[in-house]
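In case you want the letters, here they are:
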Amino acid sequence: MAQVKIDNVIKRYGSLQVMHGVNVDINDGEFVVLVGPSGCGKSTLLRMLAGLEEISDGTISIGERVVNDVPPKERDIAMVFQSYALYPHKTVYDNIGFPLKMAKRPQDEIDRKVTGAADILDLTKYLKRYPKELSGGQRQRVAMGRAIVRDPQVFLFDEPLSNLDAKLRVTMRVEIKELHQRLGTTIVYVTHDQIEAMTMADKIVVMRDGRVEQIGAPLDLYDNPANIFVAGFIGSPSMNFVHGQIVNEGGVRQFRSDNGLMLPLPDTSAPDGTKVTYGIRPEHITIADHGVPLRVVVVEPTGSETQVFAKHGTDFIDAMVKDRFKAAPNSEVRFAIDPANVHLFDRETEQRL
Amino acid sequence: MQSNRLGWILLAPTLAILFFFGVLPFIYVVYVSFHQWNPFAADPTMIFNGADNFRKIVFDAEFLNSVGVTVLFVLFAVISELVVGYILAQAFMKEFPGKAIFRTIHTLPLIMAPIIVGSVWKLMMTPSIGIIPHYLNEWFGITVNIGTSPVAAFATIIIMDIWHWTPLVTLTLIAALVSLPPDPFEQAQIDGANKRQIFFHITVPMIAPAVVATVFIRLMDALRTVDEVWMLTGGGPGSATRFVGVHIFKEVFPKTNYGYGSTISVIVLYLTIVACWLLYVTMLAPRSKKD
Ligand SMILES: Nc1ncnc2c1ncn2[C@@H]1O[C@H](COP(=O)(O)OP(=O)(O)OP(=O)(O)O)[C@@H](O)[C@H]1O
Ligand SMILES: [Mg+2]
């Protein structure tokens, strides 16, 4: 168990800089999830934590120790690679048991831990097989097994569930949370999956283009996104954005989009005429008679909820409503918005107002 | 059916060549090995003598000696070539100035004919004119004469073989190392393996197929080394470097013992196959069996 401190870390590949001063503080025992679009540097950051990638500038410390120059095997970390990285010439059993064997643990301990992990991961049937005889999801579970037989200072997971089917993914998610609660080990976890991020994390780090955009508890990021990027990235389906400005018509302050769509404005100190981007989450919109009139584009029922896409000119807004709803394309629909749920962003800086 | 016939037609030239230049001569050698035959004698007819030649081999002290010498030579040469070849391959995996030139020079011995290699080394080793005995004497005060010292002759042949064939091993090992995926090596570091453990647990098993293939090639080649040795020592001094290839050559050409020479060839082929099979069983089969 250890705290991890990532201090102003920069990564360059030759003249190409891909990480521009990343700062993240991870408390002892915390479950931190890294999210961000493809290519933003999540794997690179994880690999720097593991010691597989040189740190061009800044420092990383694990526990009290600065590890910039500590080789991977002395960092006491377990990692699950995005590419699984199984040993092709070893059986599932030997793959999972490899770290224990390298640590010269007694054979009965290896036996007990490997069979235990195989049990959790539903791999017991496959212990004698070779990686090439496994499906993608099974390989991914072997990679998980190799990590969880250890008791490291920090777990690093790079999209460890990306190749599992929906059901197994839920099971594994619960297993990992349970593992975390049982061992209390610090975990850094990369994922593309919104639900994984929201449900597992104590703290989410949102990255973009080698920079940290915001760090916070899941609901914190959901309720108070720092900028348009985070607002759009956290939450699924993602937030609606409408560009326009604040207007005052007969003493009533409102938002008017560039297309003339009028929407209710929350309390804000921004003066009239401020150019803003208006953000509202689909799940915060209801259909009601007092709502704003729009034209239906398409209606997508998902069973439990219905997603209604509507437009006004070139402003598109979609709503996620609980009730079943049917409407012909181009018919009128009224979206009711509670101003308390509205987020306003500066149009220039894209920062929250 | 149609594509099957086309396949055979396309294969036919290769099969024909294989048959006429591989299978037929082999059958002929086996046939000759059951005869007594000296085509240059007054009576050049082949006389069938059953298994006499094979019986004779068992009591042929010179042949048995040559097998011993050959095995020793093959062990020393092939193991050294593997070790040196691996070290060079690892060196070539890294970047250093002049790497391309060095790599080219290093492969030059490969393109030389064995007979040339033999004569160059003979020139370099001849006492009083050769560069190697000269400097060995001047720098270390060692006198070497491959004409009189069995050990010197044997060692020189091994060094010559290493010089000649290590580049082949290096090239195949470079190819094997380059094609290795990086992830298992990174994962092994994370799993706490040190350099030695990574070498034995990851590198060796992953390049084993290439190593075995290289050893096969080198083993078969080394077992029938003739021309270099013939040129350098002629099999001497005494019978210190009289490898089976040289032995067969001496039986067949100076002694014109075609029948008996063929018999030795067949036996040597058999021994080679056994050696390769043992190698295969010990190095590769355990893995495929576990599958
Ligand atoms: N060896 C390398 N040389 C040059 N650039 C690299 C190298 N490895 C990664 N990059 C670049 O660094 C950036 C971050 O890559 P990284 O693999 O960390 O992304 P990621 O966030 O993990 O993406 P994904 O979600 O697709 O896995 C990318 O723009 C990538 O092109
Ligand atoms: Mg990645």
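For the structure itself, look to the data block above.
From a predicted model like this one, the values you see are computed outputs, not experimental measurements.

(A) Layout of the overall build of chain A. The secondary structure content of chain A amounts to eight helices and 19 strands. Dimensions of chain A, computed from C-alpha atoms along their principal axes, come out at roughly 80 × 45 × 35 Å. Looking at chain A as a whole, 50% of its 353 residues are labelled buried. For chain A, the proportion of contacts with a sequence separation of at least 24, taken over those separated by at least 6, is 64%. In chain A, which carries 42 positive and 47 negative side-chain charges, the distance between the mean positions of the two groups comes to 6 Å.

(B) Here's a closer look at the coordination of the magnesium ion (ligand 2). Residue and element names in this part refer to chain A. Ligation of the magnesium ion (ligand 2) by protein atoms is provided by Ser 43 (OG) and Gln 82 (OE1), these donors lying 1.9 to 2.4 Å from the ion. Taken together, the residues Ser 43 in helix α1 (residues 42–50) and Gln 82 in the loop between β6 (77–80) and α2 (92–102) connect sequence positions 39 residues apart. Classification of Ser 43 as partly exposed rests on a relative accessible area of 22%. Accessibility expressed as a relative area gives 39% for Gln 82, which makes it partly exposed.

(C) The packing of aromatic side chains, seen in detail. Taken as a whole and assessed by the stated rule, the structure comprises 23 aromatic pairs over all chains. Ring centres 6.5 Å apart and planes at 90° place the aromatic pair B:Trp139 and B:Phe140 in the edge-to-face group. The residues B:Trp139 and B:Phe140 share a single accessibility class, namely exposed. Three or more aromatic residues link up through ring pairs in this structure, and these residues are A:Phe31, A:Phe155, A:Phe157 and A:Tyr189. Against the face of A:Tyr87 rests A:Arg146, its NZ or CZ located 4.9 Å from the ring centre. One residue, A:Arg281, lies across the ring of A:Tyr222, its end atom 4.1 Å from the ring centre.

(D) Geometry of the layout of surface pockets. Residue and element names in this part refer to chain B. One number sums up the size of the largest pocket: a volume of about 630 Å³. Taken together, 20 residues form the lining of the largest pocket, with Phe 185, Gln 189, Lys 195, Ile 198 and Thr 203 sitting closest to its centre. Among the secondary structure elements, those contributing two or more residues to the lining of the largest pocket are α3 (61–93), α8 (183–190) and α9 (195–223). For the lining of the largest pocket, a count of residues per class yields 12 nonpolar, four polar and four charged. Volume-wise, the second largest pocket comes out at about 440 Å³. As for the second largest pocket, its lining consists of 21 residues, of which Val 74, Leu 75, Leu 219, Leu 223 and Ala 275 are closest to the centre. Of the residues in the lining of the second largest pocket, the class split is 19 nonpolar, two polar and no charged.

(E) Layout of the sheet that holds strand β5 (residues 65–66) of chain A. Residue and element names in this part refer to chain A. Spatial strand order, β2-β1-β4-β5: four strands in an open sheet with antiparallel pairing. Of all the strands in the sheet, the pair left with one neighbour each is β2 (16–26) and β5. Sheet analysis places strand β4 (residues 57–62) next to β5, joined by two bridges and oriented antiparallel. Along β5, the bridge assignment pairs Ser 61 with Val 66. In this fold α1 packs onto β1 (4–13), β2 and β4, with an angle of close to 115° to the strand it touches most, β1.

(F) Fine view of the site of ligand 1. Residues and elements named next belong to chain A. What surrounds ligand 1 is a group of 13 residues, the closest being Ser 38, Gly 39, Lys 42, Ser 43 and Thr 44. The backbone of Gly 39 places a nitrogen or oxygen atom 2.8 Å from an oxygen atom of ligand 1. One of the backbone N or O atoms of Gly 41 is found 3.0 Å from an oxygen atom in ligand 1. Here ligand 1 has 640 Å² of accessible area as a free molecule, and 62% of this is covered by the chains. Elements with a contribution of two residues or more to the shell around ligand 1: β2 and α1. For the shell around ligand 1, the element with the most residues is α1, which contributes three residues. Along the lines of polarity and charge, the residues of the shell around ligand 1 split into four nonpolar, seven polar and two charged.

(G) Geometry of the interface of chain A and chain B. Every contact between the two is made by 27 residues of chain A and, on the other side, 19 residues of chain B. Summing the contributions of chain A and of chain B, the shared interface buries around 2,000 Å²; its carbon and sulfur component is 56%. Among the residues of chain A in contact with chain B, A:Lys73, A:His89 and A:Met102 are the three that bury the most area, contributing 28% of the side total. Scanning the region where chain A abuts chain B turns up three salt bridges. For A:Arg150, the salt bridge goes to B:Asp191, with nearest N and O atoms at 3.9 Å. Those elements that place two or more of their residues in the side of chain A that touches chain B are α1, β6 and α2 of chain A. Its residues assigned to classes, the side of chain A that touches chain B comprises 16 nonpolar, two polar and nine charged.

(H) Region of interest: empty space enclosed by the protein. Residues and elements named next belong to chain A. Evaluated as defined, the whole model comprises two cavities of 30 Å³ or more. There is about 60 Å³ of room inside the largest cavity. If you go around the largest cavity, the residues you meet are Ile 120, Leu 121, Met 144, Ile 148, Met 172, Glu 175, Ile 176, Leu 179 and Arg 182. Residue assignment for the lining of the largest cavity shows that the elements contributing at least two residues are α3 (107–121), α4 (136–148) and α5 (166–183). The element contributing the most residues to the lining of the largest cavity is α5, with five residues. Taken together, the residues of the lining of the largest cavity break down into seven nonpolar, no polar and two charged. The calculated volume of the second largest cavity comes to roughly 50 Å³. If you go around the second largest cavity, the residues you meet are Val 35, Gly 36, Thr 191, His 192, Asp 193, Gln 194, Ala 197, Phe 233 and Ile 234. Its residues placed into classes, the lining of the second largest cavity shows four nonpolar, four polar and one charged.

(I) Unusual backbone geometry, seen in detail. Residues and elements named next belong to chain A. Put simply, Ser 236 and Pro 237 share a cis peptide bond, and its omega is -5°. Note that Pro 237 resides in the loop between α8 (228–233) and β11 (240–249). Of note, Asp 76 is a non-glycine position whose phi angle comes to about 55°, a positive value. Relative to the assigned elements, Asp 76 resides in the loop between β5 and β6. For Tyr 84, which is not a glycine, the phi torsion comes out positive at approximately 70°. Residue placement: Tyr 84 occurs in the loop between β6 and α2.

Each value, and the rule that gives it
Residues numbered from 1 in each chain as written. Chains lettered and ligands numbered in written order. Predicted model: local features only at pLDDT ≥ 70, side-chain atom pairs only at ≥ 80, totals over all residues. Heavy atoms only, no water. Helix = DSSP H or I, 4+ residues; strand = E, 2+ residues; numbered from the N terminus. Buried < 20%, exposed > 50% of the residue type's maximum accessible area, 1.4 Å probe, protein only. Contact = heavy atoms within 4.5 Å. Lys, Arg positive; Asp, Glu negative; His and termini not counted. Charge placed at Lys NZ, Arg CZ, Asp CG, Glu CD. Donors = N, O, S within 2.8 Å, 3.2 Å for Na, K, Ca; no water. Phe/Tyr/Trp six-rings, centres within 6.5 Å; stacked < 30°, edge-to-face > 60°. Lys NZ or Arg CZ within 6 Å of the ring centre and 35° of its normal. 1 Å grid on protein atoms, 1.4 Å probe; cavity = no way out; pocket = protein on both sides within 12 Å on 5 of 7 lines; lining within 4 Å. Points joined across faces, edges and corners; volume = space filled by probe spheres on them. Nonpolar A, V, L, I, M, F, W, Y, C, P; charged D, E, K, R; others polar. Pairing = 2+ DSSP bridges. Axes fitted to C-alpha atoms, helices over the stretch in contact; angles between N-to-C directions. Near = heavy atom within 4 Å. Polar contact = N/O pair within 3.5 Å; in protein donor to acceptor, adjacent residues only side chain to side chain. Areas by Shrake-Rupley, 256 points an atom, 1.4 Å probe, with all protein chains shown as cover. Buried area = accessible area lost by both parts, 1.4 Å probe. Salt bridge = Lys/Arg side-chain N within 4 Å of Asp/Glu carboxyl O.

By themselves these figures say nothing about function.
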